[in-house]
Protein chains: 2
Amino acid sequence: MLKFSNNKYFPKPNLSMKGGIDPWGSAEIGDYGKVFKEFGLENYCKSEYGLDYLVFRRGIAIAHRDFGKVYERMKSGKPFINMTGIASSGPLHFGHKLIVDIFRFFKENGGKNYFGICDIDAFVSRPKIKTLKEAQEYAAKNLADILAMGLSEKDIYLQSKKEARYYTFSYELSKKLTENMIKAVYGTLDPGKISANLLQYADILHGQLPEYEGNMPSVTAIALEQDPHLRVARDLARRLKKFELPSSIYITHQPGLTEKKKMSSSEPDTAIFLDDTPKAAEKKIMRAFTGGRDTIDEQKNKGGKPDVCKVYSMLRFHHPDDKKLLDICERCRKGELMCEECKRFAAEFVSAWLEKHREKREKVKAKARDIVLGE
Amino acid sequence: MLKFSNNKYFPKPNLSMKGGIDPWGSAEIGDYGKVFKEFGLENYCKSEYGLDYLVFRRGIAIAHRDFGKVYERMKSGKPFINMTGIASSGPLHFGHKLIVDIFRFFKENGGKNYFGICDIDAFVSRPKIKTLKEAQEYAAKNLADILAMGLSEKDIYLQSKKEARYYTFSYELSKKLTENMIKAVYGTLDPGKISANLLQYADILHGQLPEYEGNMPSVTAIALEQDPHLRVARDLARRLKKFELPSSIYITHQPGLTEKKKMSSSEPDTAIFLDDTPKAAEKKIMRAFTGGRDTIDEQKNKGGKPDVCKVYSMLRFHHPDDKKLLDICERCRKGELMCEECKRFAAEFVSAWLEKHREKREKVKAKARDIVLGE
């Protein structure tokens, strides 16, 4: 169950802030302020919602819309809809792992679970996916990873294997949209994109249909650039009248491993994939961009910069031990920890995780294929 | 089975053409020439495809696209897909009856049958339909009429109760469309209209999926203004490569009963509805616009004009007896048949049909409701 810190509801996490920089913060976070204001997002504040999970403790969740009502349900043990989705357009990497981690957290805290594996979306909105079958092949692989990470068959659904009600609902939603709305929000009226959007809105809202959970607060953890879908889904919920407006939590992207890059499936060195061999993963980490200085001496004098370090990010987003992480952060800043040692630690952590994950995945692989591709 | 006239394949039907005017022709037919040319339709020629059914004998089918390959299948007794659909946005009238009649003709001649009752389409594309439920209420009524006209449960499908494959296919099609194509063909990118279109294309093409009949020529009888859907569906079939291009037969609209009006659900006097009482129908026919002259004397001298007469149209589109119809046409032209007598004949024919239809419908009403609205 959900563990709350006490003191009002939530004191600041007991982590010292050295040099005025939040050890859990990101160097890029400054960019977000404008976006929050423009789109009316509420800052995710640790002292307001101090959910005891690394994503929330470490400033990875940076903003929300209307999370309060989901939070109230979590506090009082009432159910809420836990919804997210991934487009099955390639292999999963650690950025996706975070989405699964958050979903599992909400599942363990009373969520009614809707994890969409979005194969139709992947096919219709991405030029590189040439057939629905291709998206389904990825879906089978993605699902194996997802099951291995602790979700069960009944927590997930494949977009192309839903009940008729889901699809009719997605089409129904189109009646509430206008050409101008779509143009204003997305800047495009490409039919494939419109289709993907309709399915996205259905993904977010269908759990509230009487055929599913009925009217109920819902939470979806997304990246900031997916907020347009959420905004339209909320607008639709408003127009349809019978729904709770869906809530959202905004998650920073885990930075890519190389300099100034996002994690990207099309640039394999930027990300560690869940099916990378431990060896390949170690290599990527050992070559990653860090917050180290030009020379050992300089680093000993000035200290490293964990807030721009890709290796530190990997630990911040995935290593479960706050104390260990804080220790690394402090020793790096003080010039006590050199990059070589830190990389080795991260590489060992990641490769051990991958090895364990591979074992779990082997056990659910056939089942995942059967769910996605079986008759 | 299909009955062919002999002489090459099909001689002109043995009906005399008085005064150079085709007795089965329509006064409005002149307008179509331009449309045929512009959109590359082939004229439906009696001497080429002399299908022995009143729609084909009487010039109601005026054009086609690529019907030859379906025709070859009919001739050789091979199956073909027989597809049509109606949007369930109101009660059915005699104009819809014609669509069912044609569908039944192709069914009786070897078609694999896909009669779509398009409730999602009706809801998303028509402002007057406020909920999907409302479209489904109409669908239940429409289906009762359709079953009463001799189609069976397995010939029809409700758009909102299809298999997942139908919906995923409709969304898949969006990938092959561009903003510019849709804009050029329809002049609008309204999301509801795009949704209705995607479903239309899926309606026309899904019978050719491996999950249904597989690759197979298909025929859909439509009105000229629905040709854009057919053109896009053919274009999609071309891009998808694995399909036969769907064929079509173009049907003239049965004219409305009042002057210069189309049959329209929103103007009840223009049409006879399949649930009109015999009395109400008789009244509409007795008040219909005819091809009669201003005075009885003038009519006796100059003769009437069946080619503009709404009562004659009713008989031309629905009365099964060619000889009787030709006799009426000739006697009218010669000034031997006055409107009063002709109207009485038509009113009796229509009211008898309605009475019989009502009886048949009563028997299938509950079943239709169960198919559409049952769980």
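This report concerns the structure included in the present document. Everything numeric in this text was worked out from a predicted model, so none of it was measured.

## A look at the sheet that holds strand β4 (residues 111–118) of chain A
Residue and element names in this part refer to chain A.
- Strands sit in the order β1-β2-β7-β6-β3-β4-β5 across an open sheet of seven strands; the sheet is mixed. Two strands in the sheet have a free side with no partner beyond their single neighbour: β1 (42–43) and β5 (156–158).
- As paired elements, strand β6 (residues 218–223) and strand β7 (residues 247–251) share five bridges and run parallel to each other. Residue pairing for β7: Thr220 is matched across the bridge by Ser248.
- Sheet strands in contact with helix α3 (residues 68–76) are β3 (80–87), β6 and β7, and its direction is about 120° off that of β3.
- Across the sheet, helix α6 (residues 132–148) is in contact with β3, β4 and β5; its angle to β4 comes to roughly 150°.

## Observations concerning the interface of chain A and chain B
- Taken together, the contacts link 32 residues of chain A with 32 residues of chain B.
- Summed over both sides, the interface of chain A with chain B buries roughly 2600 Å², with 66% coming from carbon and sulfur.
- By the criterion of area lost to chain B, the three top residues of chain A are Tyr171, Lys175 and Pro191 of chain A, representing 29% of everything that side buries.
- A salt bridge links Glu179 of chain B to Lys183 of chain A; its shortest N-O distance comes to 3.8 Å.
- When residues of the side of chain A that touches chain B are traced back to their parent elements, those giving at least two are α5 (119–125), α7 (164–174), α8 (179–186) and α9 (191–205) of chain A.

## Describing the packing of aromatic side chains
Residue and element names in this part refer to chain A.
- What the rule picks out here adds up to 28 aromatic pairs over all chains.
- Ring pairing ties together the aromatic residues Tyr53, Phe56, Phe67, Tyr71, Phe80, Phe105 and Phe106, which thus form one cluster.
- Its end group placed over the ring of Tyr157, Lys162 keeps NZ or CZ at 4.1 Å from the ring centre.

## A look at the relation of the copies chain A and chain B
- Superposing chain A onto chain B takes a rotation of 179° combined with a translation of 0.0 Å along the rotation axis, leaving an RMSD of 0.1 Å. What the superposition gives is, in effect, a two-fold axis relating one chain to the other.
- When the interface residues of chain A are mapped onto chain B, 100% of them again lie at the interface, so the same face is used by both copies.

## Remarks on the pattern of salt bridges
Residue and element names in this part refer to chain A.
- A complete count under the given rule lists 62 salt bridges over all chains for this structure.
- The salt bridge partner of Asp145 is Arg361, with a shortest N-O separation of 2.9 Å. With Asp145 in helix α6 and Arg361 in helix α15 (residues 339–373), this residue pair connects regions lying 216 residues apart in the sequence. For the pair Asp145 and Arg361, one class covers both residues: buried.
- Across the pair Lys162 and Glu163 runs a salt bridge, and its minimum N-O distance is 3.6 Å.
- Under the relative-accessibility criterion, Lys162 is labelled buried at 9%.

## Some remarks on the pairing of strand β2 (residues 61–65) of chain A
Residues and elements named next belong to chain A.
- Burial analysis of β2 places five of its five residues in the buried class, which makes it a mostly covered element.
- In the sheet, β1 pairs with β2 via two bridges, with the strands oriented antiparallel. Each bridged residue has a counterpart across the sheet, and for Asn43 the counterpart in β2 is Ala63.
- Bridging between β2 and β7 involves four bridges; their strand directions are antiparallel. When the bridges of β7 are listed, His64 appears paired with Ile249.

## Some remarks on unusual backbone geometry
Residue and element names in this part refer to chain B.
- Of note in this structure, Asp66 is not a glycine but carries a positive phi near 60°.
- Within the secondary structure layout, Asp66 lies in the loop between β2 (61–65) and α3 (68–76).
- Asp66 sits in the partly exposed class, given a relative accessible area of 25%.
- Positive phi, normally seen in glycine, also occurs at Lys260, with a value near 55°.

## Considering the pairing of β3 of chain A
All names here are of chain A.
- Counting buried positions along β3 gives six out of eight residues, so the element sits mostly inside the fold.
- Of the strand pairs in this sheet, β3 and β4 are connected by eight bridges, and their pairing is parallel. Its bridge partner being in β4, Ala87 is matched across the sheet by Cys118.
- One crossover worth recording links β3 to the parallel β4 by way of helix α4 (residues 94–108), and it is right-handed.
- Two strands pair when backbone bridges link them, and β3 and β6 are joined in this way by two bridges, in the parallel orientation. If you follow Ile81 over to β6, its bridge partner there is Ser218.

## A short note on the environment of Phe94 of chain A
Residues and elements named next belong to chain A.
- Structurally, Phe94 is set in helix α4.
- Note: C-alpha distance between Phe94 and Ile272 (178 residues apart in sequence) is 6.0 Å.
- Each residue touching Phe94, except ones within four places of it in the same chain, is listed here: Gln254, Met263, Ile272, Leu274, Met314, His318, Val350, Trp353 and Leu354.

## Some details on the sheet that holds strand β7 (residues 247–251) of chain B
Residue and element names in this part refer to chain B.
- Taken in spatial order, the seven strands of this open sheet run β1-β2-β7-β6-β3-β4-β5, and their pairing is mixed. This sheet does not close on itself; its edge strands, each paired only once, are β1 (42–43) and β5 (156–158).
- In this fold helix α6 (residues 132–148) packs onto β3 (80–87), β4 (111–118) and β5, with an angle of close to 150° to the strand it touches most, β4.

## Some thoughts on helix α14 (residues 322–333) of chain B
Residues and elements named next belong to chain B.
- The end-to-end C-alpha distance of α14 is 16 Å, a good match for the 16 Å that twelve residues give at a rise of 1.5 Å each.
- Of the residues making up α14, those classed as buried are Asp322, Leu325, Leu326, Ile328, Cys329, Glu330, Cys332 and Arg333.
- Residues of α14 that are buried sit in contact with α2 (54–57), α12 (296–302), α13 (310–318) and α15 (339–373).
- One side-chain oxygen at the N-terminal end of α14 lies 2.9 Å from the backbone nitrogen of Lys323; it belongs to Asp321.
- Where α14 ends, the next residue or the one after it, Gly335, has phi of about 80°, a positive value.

## Considering α7 of chain A
- Most of α7 of chain A sits inside the fold, with nine of its eleven residues counted as buried.
- The complete set of buried residues in α7 of chain A reads Tyr166, Tyr167, Thr168, Phe169, Ser170, Tyr171, Glu172, Leu173 and Ser174 of chain A.

## Re the environment of Asp269 of chain B
Residue and element names in this part refer to chain B.
- The topology assignment puts Asp269 in the loop between β7 and α11 (278–286).
- Assessed through its relative accessible area of 44%, Asp269 is described here as partly exposed.
- Separated by 131 residues in sequence, Asp269 and Tyr138 place their C-alpha atoms 20 Å apart.
- Setting aside anything within four residues of it in sequence, one finds Asp269 in contact with Leu257, Thr258, Lys284 and Arg287.

## Points about the side chain of Gln208 of chain A
- Along the polypeptide, Gln208 of chain A turns up in the loop between α9 and β6.
- Among the polar contacts made by the side chain of Gln208 of chain A, one reaches the main-chain amide nitrogen of Glu244 of chain A at a distance of 2.7 Å.

The rules behind these values
- Residues numbered from 1 in each chain as written.
- Chains lettered and ligands numbered in written order.
- Predicted model: local features only at pLDDT ≥ 70, side-chain atom pairs only at ≥ 80, totals over all residues.
- Heavy atoms only, no water.
- Pairing = 2+ DSSP bridges.
- Helix = DSSP H or I, 4+ residues; strand = E, 2+ residues; numbered from the N terminus.
- Contact = heavy atoms within 4.5 Å.
- Axes fitted to C-alpha atoms, helices over the stretch in contact; angles between N-to-C directions.
- Buried area = accessible area lost by both parts, 1.4 Å probe.
- Salt bridge = Lys/Arg side-chain N within 4 Å of Asp/Glu carboxyl O.
- Phe/Tyr/Trp six-rings, centres within 6.5 Å; stacked < 30°, edge-to-face > 60°.
- Lys NZ or Arg CZ within 6 Å of the ring centre and 35° of its normal.
- Least-squares fit on C-alpha atoms with pLDDT ≥ 70 in both.
- Buried < 20%, exposed > 50% of the residue type's maximum accessible area, 1.4 Å probe, protein only.
- Right-handed = clockwise from strand over helix to strand, strands pointing away.
- Expected span 1.5 Å × (residues − 1).
- Polar contact = N/O pair within 3.5 Å; in protein donor to acceptor, adjacent residues only side chain to side chain.

Keep in mind that these numbers describe shape and distance, not what the molecule does.
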